[in-house]
Amino acid sequence: MHVENATHRSDVPPSIDLAGHMRELGRALLPALVVALIVGAAVFYVRSELTDKEYSASVVTEVKPTQTLVPGDAFIEQMRGPFIQLATDTDVLQQVLGQVDTDLDASELASSVTLTPGTSPALLTFTVTADSPELALELAQSLVSTVAQASQANYARDTQGQVEQAQAAIAAAEAKVSGLAADDPTRTTAATELTNLQTQLSTLQSSGGDQLVVLASPEQSTTPVAPKPLSEALVAALAALIVAAELIVLLRGRFGSRPNRSWARRAAKKNGARFDTGASDTLPPVLVAKIDALQRDSVDTATNARHSAHTRDSVIVVLVGDDAAYVPPPTYASADRPQRSAVVTMGLTDEWWRAVDVEDVDTVVVLLSKGGHDRKEAARTLKRISEFERPAYLLLQPKSRKRPASQPTSPKSAEVESNAG
């Protein structure tokens, strides 16, 4: 018997059966739920009992600009920007730490500071987190005052050159006025210019730039802002539920010796076989109908052809695995060919391709039970069927409690000869 080599269907990656995978996840839900509950409880205990609490304090401030602002986001951010930058400046943070007794360093303090824009463009909220409500409030108040002072110092530094130029211009104007006679007509104009320069200097020295003032200090809450054990435990439990369910499905499909749904579905897809579940000792209705049709057709063909030497009969090969139960269907008889069966029943590891002509095989049914230990043998059998390019049907039965009395305990090759007629 010669069978042409064909492209192995196992070389083609199986398509993703999303619906089947979801059903497998559903079957793994209970043990995954147990894992999720344990993980969630552990996270809740660690975060609530073994993690340091953090509290927050907020101070609402208002920026008072020295100049009238032009409406627009750019001008608003330009007004807030210097104060936001100063709140994270290392020198400013070091000054705050020098005023407040704490074990924090500048980088830790910077990470605990949050600045939030208010409901109006001029509002800016300073929020600081610490290990106690009192310390958080003290740090927030110290930070606001230090930022305001630093802003004034920066303005004075930046305007120092303008002040010096204004003072020099005033000195020149005073000298000019002093050098003019009392009745000189230009003296009044020079005196007016001197007055204007003095006014500009006074305005420049007194303005001090944009100011940051405390608008409100809301009552501080004694409820910690971190950690949040309940929400964190729920998130951890949900993640553990998903991961555990996927791992359970993966382990069931790749490890162990007993056939199960996850493995059977994957093995059937990989080898191009159809997968189904069945009762304890019967084939699915579609196969029963096919066997019935083949047996009737076999009797009719034999009667009409009068035992023609060229008449070929299709057969269905049923390979029975460990603990699997199978009751052969009834046979049909005629005057010329009594007791003709279209089913060949053999063991899972029997060399069925030697007992029957592969070209006469309509379908090969691999019958397994969840109580068996023949997963590897079944995988090799399915691969061999795909190499012969015969239609395959993988049937997984529930674990049988007792074997039907009519089932042969060990199918023999001799049965093949009697069934094949």
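Residues numbered from 1 in each chain as written. Predicted model: local features only at pLDDT ≥ 70, side-chain atom pairs only at ≥ 80, totals over all residues. Heavy atoms only, no water.

Undergrad: Just give me the short version of the pairing of strand S1 (residues 55-64), but keep the residues and values in it.
TA: Counted residue by residue, S1 has 8 buried out of 10 residues, so it is predominantly covered. Pairing of S1 with strand S3 (residues 123-130), which is carried by 8 bridges, proceeds in the antiparallel orientation. When the bridges of S3 are listed, Tyr55 appears paired with Ala130. In this structure, S1 lies alongside strand S4 (residues 211-216), joined through 5 bridges in antiparallel fashion. Note that in S4 the partner of Val63 across the bridge is Leu212. (Buried < 20%, exposed > 50% of the residue type's maximum accessible area, 1.4 Å probe, protein only. Helix = DSSP H or I, 4+ residues; strand = E, 2+ residues; numbered from the N terminus. Pairing = 2+ DSSP bridges.)

Undergrad: Before we move on, could you go through the pattern of salt bridges and cite the residues and values that matter?
TA: Opposite charge on two side chains lets them pair, provided their charged atoms get close. Enumeration according to the criterion identifies 3 salt bridges in this entry. Arg47 is paired through a salt bridge with Glu232; the nearest N and O atoms lie 2.6 Å apart. In this pair, Arg47 sits in helix H2 (residues 29-49) while Glu232 sits in helix H9 (residues 229-254), placing the two residues 185 residues apart along the sequence. Between Glu351 and Arg354 there is a salt bridge, and its shortest N-O distance comes to 2.5 Å. Glu351 sits in the partly exposed class, given a relative accessible area of 40%. Assessed through its relative accessible area of 63%, Arg354 is described here as exposed. (Salt bridge = Lys/Arg side-chain N within 4 Å of Asp/Glu carboxyl O.)

Undergrad: Please give an account of the sheet that holds S3 that cites residues and values.
TA: In space, the 4 strands of this open sheet follow the order S2-S3-S1-S4, with antiparallel pairing throughout. If you trace the sheet from one side to the other, it starts and ends with strand S2 (113-117) and S4, each paired once. Neighbour to neighbour, the strand axes of the sheet diverge by 35° on average, direction disregarded. (Axes fitted to C-alpha atoms, helices over the stretch in contact; angles between N-to-C directions.)

Undergrad: Residues and numbers for the side chain of Ser142, please.
TA: With respect to the helices and strands, the residue Ser142 is situated in helix H6 (residues 133-158). The class for Ser142 is buried, based on a relative accessible area of 7%. Reaching out from Ser142, the side chain makes a polar contact with the side chain of Gln99 at a distance of 2.7 Å. In this view, Ser142 contacts Val96, Gln99 and Val100; residues no more than four positions away in its chain are not counted. (Polar contact = N/O pair within 3.5 Å; in protein donor to acceptor, adjacent residues only side chain to side chain. Contact = heavy atoms within 4.5 Å.)

Undergrad: Hey, could you go over the packing of H9 against helix H10 (residues 261-270) for me, with residue numbers and the actual values?
TA: With their axes 7 Å apart at the nearest point, H9 and H10 run at an angle of 65° to one another. Of the possible angle classes, the one that applies to H9 and H10 is roughly perpendicular. Note that H9 runs across H10; the crossing there is right-handed. Contacts between H9 and H10 involve Val249, Arg252, Gly253 and Arg254 from the former and Ser262, Trp263 and Arg266 from the latter. (Parallel < 35°, antiparallel > 145°, perpendicular 65-115°, else oblique. Left-handed = near helix turned anticlockwise from the far one by under 90°.)

Undergrad: Just give me the short version of a negative patch on the surface, but keep the residues and values in it.
TA: Judged by side-chain charge, Asp52, Glu54, Asp101, Asp103, Asp105, Glu108, Asp131 and Glu138 come together as a negatively charged surface patch. Positionally, Glu108 belongs in helix H5 (residues 106-111). (Patch = residues over 30% accessible without salt bridge, like charges linked within 9 Å, V, L, I, M, F, W, Y side chains within 5 Å. Areas by Shrake-Rupley, 256 points an atom, 1.4 Å probe, with all protein chains shown as cover. Lys, Arg positive; Asp, Glu negative; His and termini not counted. Charge placed at Lys NZ, Arg CZ, Asp CG, Glu CD.)

Undergrad: An account of the environment of Leu234 is needed here, citing residue identities and associated values.
TA: Turning to its location among the elements, Leu234 is positioned in helix H9. C-alpha separation for the pair Leu234 and Ala36, spaced 198 residues apart in sequence, amounts to 9.1 Å.

Undergrad: If you had to explain the packing of aromatic side chains to someone new, which residues and values would you point to?
TA: Scanning the entire structure with this criterion turns up 3 aromatic pairs. Between Trp352 and Trp353, the aromatic rings sit 5.9 Å apart at their centres with planes inclined by 85°, giving edge-to-face as the arrangement. Arranged with centres 5.9 Å apart and planes meeting at 35°, the rings of Trp353 and Phe388 form a pair that is tilted. Here Phe388 lies in the loop between helix H13 (375-387) and strand S9 (392-397) and Trp353 lies in helix H12 (residues 352-355), a separation of 35 residues in the sequence. For Phe388, a relative accessible area of 15% translates into the label buried. By way of ring pairs, the aromatic residues Trp352, Trp353 and Phe388 are connected into one cluster. Over the ring of Trp353 we find Arg384; its NZ or CZ atom is 4.6 Å from the centre of that ring. (Phe/Tyr/Trp six-rings, centres within 6.5 Å; stacked < 30°, edge-to-face > 60°. Lys NZ or Arg CZ within 6 Å of the ring centre and 35° of its normal.)

In short, geometric facts, not functional conclusions.
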